[in-house]
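One letter stands for each residue in the lines below.
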Amino acid sequence: MSDTAHEIPPSAKLDPTKPTVARIYDASLGGKDHYEVDRQVFEMIKQVAPYQGDVSKMNRRFLVRVVRYLTEIAGMDQYLDLGSGLPTVQNTHEVAQFSNPEARVVYVDIDPICNVHGRALLEENEFTRFVEGDLTKPETILGHPEITGHLDLDQPLVLMQIGTLHHVADEEDPVGIMRAYIDALP
Ligand SMILES: C[S@@+](CC[C@H](N)C(=O)[O-])C[C@H]1O[C@@H](n2cnc3c(N)ncnc32)[C@H](O)[C@@H]1O
């Protein structure tokens, strides 16, 4: 376990012996919400992709620039952030709500640890929600009561798939999944 990983709240669903994408990504960003097993996998990744840490950080900068542009310039005020990951610095809601404090954001991730940390972060943010869900199931996501209750899916909406689809195997039909999301956008 990393020096600070003991801060991860206990949950029956969290297994510190199995690496997860969200925790490995956190390790690659230099975060502290991961276990030793996640760091070991990140070390293995670095053996074949030595600059993966830089790639992760550039990916976050891309996310921040996109959300800032869409909020400030394009005037978008609803965000569905799929595969959002663990909270880090400059999360989607922080960037969007910096220029529009009432911008609505729903984070979705399959890894329960994202929810545990996300909800703790958002205790006092009435415009943001965290939902545990599988982005490969568009009908379930788009019909999820917490999502439909917080976002108006008939109004312009930013659907974010950043650093996610390479985790969806060909057999799961990533093209079909994206088609379903795109067809559902107003
Ligand atoms: C590389 S991280 C990207 C995080 C964030 N979107 C970013 O760009 O900084 C990928 C995230 O996708 C999540 N993820 C992978 N497969 C998923 C699925 N089927 N449904 C929901 N989330 C998924 C992982 O748990 C992880 O948090």
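Keep in mind that this is a model prediction, so the values were computed, not measured. (Residues numbered from 1 in each chain as written. Predicted model: local features only at pLDDT ≥ 70, side-chain atom pairs only at ≥ 80, totals over all residues. Heavy atoms only, no water.)

Chemist: What is the right way to read the packing of helix α1 (residues 21-28) against helix α2 (residues 36-48) from this model?
Modeler: What describes two packed helices is the angle between their axes and the distance between those same axes. Where α1 meets α2, the axes come as close as 9 Å, and the angle between the chain directions of the two elements is 65°. Here α2 runs roughly perpendicular to α1, going by the angle between their axes. Where α1 crosses over α2, the two elements pack in a sense that is right-handed. In this structure, α1 uses R23, I24, A27 and S28 to contact α2, whose residues at the interface are V37, D38, R39, V41, F42 and I45. The residue inventory of the contact of α1 with α2, partitioned by class, reads 6 nonpolar, 1 polar and 3 charged. (Axes fitted to C-alpha atoms, helices over the stretch in contact; angles between N-to-C directions. Helix = DSSP H or I, 4+ residues; strand = E, 2+ residues; numbered from the N terminus. Parallel < 35°, antiparallel > 145°, perpendicular 65-115°, else oblique. Left-handed = near helix turned anticlockwise from the far one by under 90°. Contact = heavy atoms within 4.5 Å. Nonpolar A, V, L, I, M, F, W, Y, C, P; charged D, E, K, R; others polar.)

Chemist: Is there a simple way to think about the site of the ligand in this case?
Modeler: Lining the immediate environment of the ligand, one finds 18 residues, of which Y25, R60, D109, D134 and I162 sit closest. One of the side-chain N or O atoms of N59 is found 2.8 Å from an oxygen atom in the ligand. In the environment of the ligand, an oxygen atom lies 2.7 Å from a nitrogen or oxygen atom belonging to the side chain of D109. Here the ligand occupies the largest pocket. Considering every element that reaches the shell around the ligand, the biggest residue donor is α1, with 3 residues. Class assignment for the residues of the shell around the ligand results in 6 nonpolar, 8 polar and 4 charged. (Near = heavy atom within 4 Å. Polar contact = N/O pair within 3.5 Å; in protein donor to acceptor, adjacent residues only side chain to side chain. 1 Å grid on protein atoms, 1.4 Å probe; cavity = no way out; pocket = protein on both sides within 12 Å on 5 of 7 lines; lining within 4 Å. Sits in = over half its atoms within 2 Å of the grid points.)

Chemist: Sorry, what's going on with empty space enclosed by the protein here?
Modeler: It is the rolling of a water-molecule-sized probe over the atoms that shows where space remains empty. One pass over the structure, following the stated rule, counts 2 cavities of 30 Å³ or more. What the largest cavity holds in volume is close to 70 Å³. Around the largest cavity sit R60, D81, S84, G85, L86, P87, N91, T92, H93, Y107, L121 and F130, which together line it. Within the lining of the largest cavity, the residues separate by chemical class into 5 nonpolar, 5 polar and 2 charged. Y25, D26, L29, R60, S84, L86, P87 and T88 together form the lining of the second largest cavity. Class assignment of the residues belonging to the lining of the second largest cavity gives a composition of 4 nonpolar, 2 polar and 2 charged. (Points joined across faces, edges and corners; volume = space filled by probe spheres on them.)

Chemist: It is not clear to me how the environment of V89 should be interpreted in this structure. Could you clarify?
Modeler: Here V89 is to be found in the loop between β1 (78-82) and α4 (92-99). In this structure the C-alpha to C-alpha distance between V89 and I162, which are 73 residues apart in sequence, comes to 16 Å. With sequence-adjacent residues up to four places away left out, V89 is seen in contact with R60 and E94.

Chemist: In this structure, what is going on with helix α8 (residues 174-184)? I would like to understand it.
Modeler: An α-helix turns once per 3.6 residues; consequently, residues spaced three or four apart project the same way. Those residues of α8 not exposed but buried are P174, I177, M178 and Y181. In a view along the axis of α8, the buried residues occupy a sector of 95°, so they form one face of it. Structural note: α8 exposes V175 and D183 on the side pointing more than 90 degrees away from its buried face. On its buried face, α8 sits against β1, α6 (138-142) and β4 (158-161). (Buried < 20%, exposed > 50% of the residue type's maximum accessible area, 1.4 Å probe, protein only. Arc of directions from axis to C-beta.)

Chemist: Quick question: what am I supposed to make of a nonpolar patch on the surface here?
Modeler: Judged by side-chain polarity, Y51, V55 and M58 come together as a nonpolar surface patch covering roughly 340 Å² of accessible area. Within the secondary structure, V55 sits in helix α3 (residues 52-72). Judged by its relative accessible area of 41%, V55 is partly exposed. (Patch = residues over 30% accessible without salt bridge, like charges linked within 9 Å, V, L, I, M, F, W, Y side chains within 5 Å. Areas by Shrake-Rupley, 256 points an atom, 1.4 Å probe, with all protein chains shown as cover. Salt bridge = Lys/Arg side-chain N within 4 Å of Asp/Glu carboxyl O.)

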